[in-house]
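# Structure at a glance
Next come the chains, spelled out residue by residue.
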Amino acid sequence: MIRAEQLMKTYGTGDLAVTVLKGLTLEIRDGEFVAIIGPSGAGKSTLLYQLSLLDEPTSGEVYLDTIKTSSLTQKEKTAVRLTKLGYVFQDYALLPELSAIDNVVLPILMQGVPYTEAFARATRALERIQMGDKMLNLPSELSGGQQQRVAIARAVAHHPHILFADEPTANLDSMNGRLVMDAFLDLHAQGQTIVMITHEEEYASKAHRVITLKDGDIVSDIVQKPRL
Amino acid sequence: MKTTLRIQKQLSQDLRVGWFLTIRQIQHSGKGTTGLIIFIMILAFLNLVVVSGLLIGLIAGSFQQFRESYSGEIIITSASGHNYIENSSALLHFLENHPDITAVSPRHTITAQVLGTLNDNPKKNERVNQVGARIVGIDLEREEILTGFSRFLQYGKNLREDEEGYILIGANLIKKYSAFADVNIPGLDLLRDVDIGSRVRVTLLSDGGSIKKDFIIKGIIKSKVDEISTRMFVLDKELKRLIPVNKEQFQEMAVRTDYASAPALVQQIKEFMGSSEALIQTSDEAIPSFLRDVETTFGILGNALSSIALVVASITIFIVIFINAITKRKFIGIMKGIGISPRAIQFSYIFQALFYGITGSLIGLLVTFGLLRPYFAAHPIDFPFSDGILVATPSGAGIRVAVLLIVTLIAGYLPAKLIIRQNTLDSILGR
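Just so we're clear, the structure is a prediction, and the values are computed from it rather than from any experiment. Every chain begins its residue count from 1, and numbering advances along the sequence as written. Chain letters start at A and ligand numbers start at 1, both assigned in the order the entries are written. Reporting of local features is limited, given that this is a predicted model, to residues whose pLDDT is at least 70; pairs of side-chain atoms are given and counted only at 80 or more, and all residues count toward the totals for whole chains, interfaces and linings.

Helix and strand labels come from DSSP, where a helix needs a run of H or I of at least four residues and a strand needs a run of E of at least two; each type is numbered from the N terminus. On a plain count of helices and strands, chain B comes out with 13 helices and 12 strands. Radius of gyration: C-alpha atoms only; globule rule: 2.2 Å multiplied by the number of residues to the exponent 0.38. Taking 2.2 N^0.38 as the reference for a compact globule, 431 residues should give roughly 22 Å; the C-alpha atoms of chain B span a radius of gyration of 32 Å, well beyond that estimate. Comment: burial labels come from other C-beta atoms within 10 Å of the residue's own C-beta, placed from the backbone, where a count of 20 or more is buried, 12 or fewer is exposed, and between is partly exposed. Each of the 431 residues in chain B was classed as buried or not, and the buried ones make up 41%. Contact criterion: two residues are in contact if their C-beta atoms, reconstructed from the backbone, are within 7 Å. A separation of at least 24 residues holds for 81% of the contacts in chain B among residues at least 6 apart in sequence.

Listed below in structure tokens is the structure:
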């Protein structure tokens with residue numbers, strides 16, 4: 001479970017200050033698949049950065065289960081991101097000098113898992129998203145869709161409590177976009193909590209809950225029957 | 001206890017992930033870039049070792065030549081104020097039977113004057129064609145074993161045991177061959193109109209009075225060691241006959257032994273002889289002090305140049321790692337974003353820097369000891385007073401490798417630290 005209370009984020013100071021999140025409160029429960037939608041500048045990515053501990057709110061609080069995250073040091077936040085959170089970036093964000101399997105194995109190794117077991121887990125994660133035959137390829141040798149699937153495998157290989165995805169299909173064609181969405185749905189079916197930002201209605205409709213942001217605040221929060 | 005174990009575990013994980021990242025980054029980085037960085041490290045290492053090594057080598061070359069051409073590892077000479085080495089025979093017997101000594105060359109040496117023009121009286125205001133020098137009586141066989149004496153023969157022929165009345169003269173005593181012939185140094189007399197085959201008159205100046213004998217110049221000897229080029233050499237048995245008194249006492253004994261064991265052997269000889277009987281020195285102790293001063297100065301100069309090289313090397317490594325880190329700022333942010341500890345990322349950059357440093361140093365060591373040192377040993381630098389060699393010892397090179405690696409470590413650590421401490425999100429978004 002993750003909960004945001006009176007979350008406010010302001011960039012800049014004085015006359016140049018821009019408040020992107022305006023005292024937003026929400027709670028995401030375990031096992032939910034939440035789509036966050038809204039126009040550009042609504043504060044979707046900013047909200048995701050606060051929830052995923054990549055950024056610090058100007059005021060308000062983010063609770064991860066029972067942890068008050070504002071009390072964590074940067075080092076502790078890094079450790080929380082490693083063990084409890086997974087992140088899929090819009091531009092895949094794979095490390096270019098690491099092969100597909102090395103990208104996936106990296107956070108697992110960081111958790112102290114022995115090499116053999118870490119590689120076995122990474123292999124399984126890649127095979128689960130039909131990337132078993134591309135394990136040794138560098139990101140530059142993969143298509144955008146393949147890279148994003150590797151990024152998903154990396155994000156979930158260490159079994160995070162919550163998977164955050166920032167417009168994961170934005171740079172993909174419709175076919176690869178659908179493959180990525182299928183991967184998310186599979187993961188959700190296995191009980192993975194997912195928080196995804198998207199611009200695309202089709203993908204938002206596959207989530208169980210859709211939160212709409214506008215001007216830094218929630219304008220609607222709808223639990224829906226996903227259209228599969 | 002628990003905290004310590006947790007810290008140790010975290011450190012070991014960071015090291016492991018840092019190492020993993022290093023290996024992968026090196027494996028997949030451009031071969032050209034890696035090669036260039038290693039090449040720079042090799043140059044930095046060579047700059048540290050070779051530049052100072054050559055500077056010191058110019059002097060060390062002269063020390064080596066002094067040892068090989070004249071003194072051996074130990075040189076025994078008459079004590080101060082004495083004309084000869086006391087109990088020369090007993091000492092020679094001791095040296096010849098010592099297991100650590102491979103060769104001994106006892107020498108009679110006497111101050112002499114050589115007259116180049118025998119018949120003509122000098123004209124008015126003309127200096128007499130004569131020079132003062134030490135004449136040395138040598139045992140050809142012993143001297144050949146100890147110094148390879150025949151290699152100094154520049155012109156003419158060497159002495160022979162079955163011939164008498166011949167002399168070899170150092171090139172620096174004859175105007176035609178001297179390196180100082182073209183300068184007019186007041187008081188410096190050189191033999192004029194004298195060459196191989198010329199007859200010269202040698203006057204021995206000893207306590208027993210002066211003895212004159214004519215010799216024919218059989219050869220000219222030349223070396224960068226003054227003790228060779230400014231002396232005259234005749235057969236020892238011939239010189240011995242001319243000496244009026246103390247014929248059995250020598251003035252010099254050069255001893256060949258292992259360089260490292262020379263100081264201990266000197267002590268043994270002193271115990272055998274008593275220090276007042278002779279001046280017993282290792283070749284290093286017998287080196288003139290001004291050369292020692294030059295060596296020290298060159299050493300300081302070499303270290304100064306090495307220090308500059310070290311600064312240049314550290315800045316180079318810093319720039320290389322900094323550029324490497326800054327171009328990967330986004331990926332460093334991503335790594336932090338997915339939970340890789342900053343320390344593990346830092347380790348990866350430090351390991352990379354060490355990889356470049358160690359590889360460069362190892363290749364540098366191979367080049368130094370496998371190529372440059374043998375090359376300069378075989379082809380010394382032709383310096384006016386020495387044949388310059390490359391002085392590079394394993395211990396000295398080891399110290400420089402250690403210094404270079406410490407500098408590398410710091411130069412790798414700092415830029416990584418600078419980049420890693422930036423805000424994670426800013427790094428990811430390129431802000």
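We now examine the overall build of chain A. The number of helices and strands found in chain A is seven helices and 10 strands. For 228 residues, the compact-globule estimate of 2.2 N^0.38 gives 17 Å, and the C-alpha radius of gyration of chain A, at 17 Å, lies within 12% of that figure. Judged by the C-alpha coordinates and their principal axes, chain A covers about 50 × 40 × 30 Å. A burial count over chain A gives 47% of its 228 residues as buried. Across chain A, the fraction of contacts at a sequence separation of at least 24, relative to all contacts at a separation of at least 6, is 67%.

So, about helix 3 (residues 100–110) of chain A. Along helix 3 of chain A, 11 of the 11 residues are buried, which leaves the element largely enclosed by surrounding structure. Residues Ala-100, Ile-101, Asp-102, Asn-103, Val-104, Val-105, Leu-106, Pro-107, Ile-108, Leu-109 and Met-110 of chain A constitute the buried set of helix 3 of chain A. The inward-facing, buried residues of helix 3 of chain A abut helix 2 (74–84), helix 4 (115–128) and helix 5 (144–156) of chain A together with helix 1 (2–28) and helix 11 (342–378) of chain B. Positive phi appears at Gly-112 of chain A, one or two residues downstream of helix 3 of chain A, with a value of about 90 degrees.

Moving on, we come to the nonpolar core. By definition, a nonpolar core groups buried Ala, Val, Leu, Ile, Met, Phe, Trp, Tyr and Cys residues that are joined through C-beta atoms within 7 Å. Counting 182 residues, the largest nonpolar core has Val-104, Leu-126, Ala-153 and Val-195 of chain A together with Met-232 of chain B as the members making the most contacts within it. When residues of this core are assigned to their parent elements, the largest contribution, 17 residues, is made by helix 2 (residues 31–71) of chain B. Each of two domains, domain 1 (13–65 + 291–429) and domain 2 (74–257) of chain B, supplies a minimum of three residues to this core. For Leu-126 of chain A, the residues in contact, after removing those within four places along its chain, are Ala-100, Ile-101, Val-104, Met-131, Gly-132, Met-135, Val-150 and Ala-153 of chain A. How far each domain reaches was decided by an automatic or database domain assignment.

To continue, consider the sheet that holds strand 5 (residues 67–68) of chain A. All names here are of chain A. Read from one edge to the other, the open sheet built from four strands follows the order 2-1-4-5, with strand pairing classed as antiparallel. Among the strands making up the open sheet, the edge pair consists of strand 2 (18–28) and strand 5. Note that strand 1 (residues 2–11) and strand 2 share eight bridges and pair antiparallel. Bridge pairing in strand 2 links Arg-3 to Glu-27. Structural elements are reduced to axes, namely lines fitted to C-alpha atoms, with helices fitted over the stretch in contact, and the angle between N-to-C directions of any two is expressed from 0 to 180 degrees. Across the sheet, helix 1 (residues 44–51) touches strand 1, strand 2 and strand 4 (59–64), and the angle it forms with strand 1 is around 120 degrees. At least two DSSP bridges between two strands are needed for those strands to be called paired.

Relative to each other, helix 3 of chain A and helix 1 of chain B sit at 165 degrees, their axes nearing to 9 Å. One way to sum up the angle between helix 3 of chain A and helix 1 of chain B is to call them roughly antiparallel. Along this stretch, helix 3 of chain A crosses helix 1 of chain B, giving a crossing that reads as left-handed. When helix 3 of chain A is examined against helix 1 of chain B, the residues Asp-102, Leu-109 and Met-110 of chain A are found in contact with a partner set consisting of Gln-13, Arg-16, Val-17, Phe-20 and Arg-24 of chain B. A breakdown of the residues in the contact of helix 3 of chain A with helix 1 of chain B according to their chemical character gives four nonpolar, one polar and three charged. Oblique is the label for every angle not falling under 35 degrees (roughly parallel), over 145 degrees (roughly antiparallel), or within 65 to 115 degrees (roughly perpendicular). Helix crossings are classified by the rotation of the near helix relative to the far one: an anticlockwise turn of less than a right angle makes the crossing left-handed, while a clockwise turn makes it right-handed. Only Asp, Glu, Lys and Arg are considered charged, only Ala, Val, Leu, Ile, Met, Phe, Trp, Tyr, Cys and Pro nonpolar, and every remaining residue, Gly among them, polar.

Time to look at the domain arrangement of chain B. When the parts come together, some accessible area is lost, and that loss is often what is quoted as the size of the interface. By the assigned domains, chain B splits into domain 1 (13–65 + 291–429) and domain 2 (74–257). Relative to domain 2 of chain B, the C-alpha centre of domain 1 of chain B lies at a distance of 52 Å.

To continue, consider the environment of Leu-109 of chain A. Within the element layout of this structure, Leu-109 of chain A appears in helix 3. Residues Leu-109 of chain A and Phe-164 of chain A, spaced 55 residues apart in sequence, show a C-alpha to C-alpha distance of 21 Å. Residue contacts for Leu-109 of chain A: discarding those within four places in its chain leaves Ala-118 of chain A together with Arg-16, Val-17 and Phe-20 of chain B.

Contacts between chain A and chain B engage 20 residues on the former and 20 residues on the latter. Secondary structure elements with two or more residues in the side of chain A that touches chain B: helix 2 and helix 3 of chain A. With five residues, helix 3 of chain A is the largest single contributor of residues to the side of chain A that touches chain B. Here the residues of the side of chain A that touches chain B sort into 13 nonpolar, two polar and five charged.

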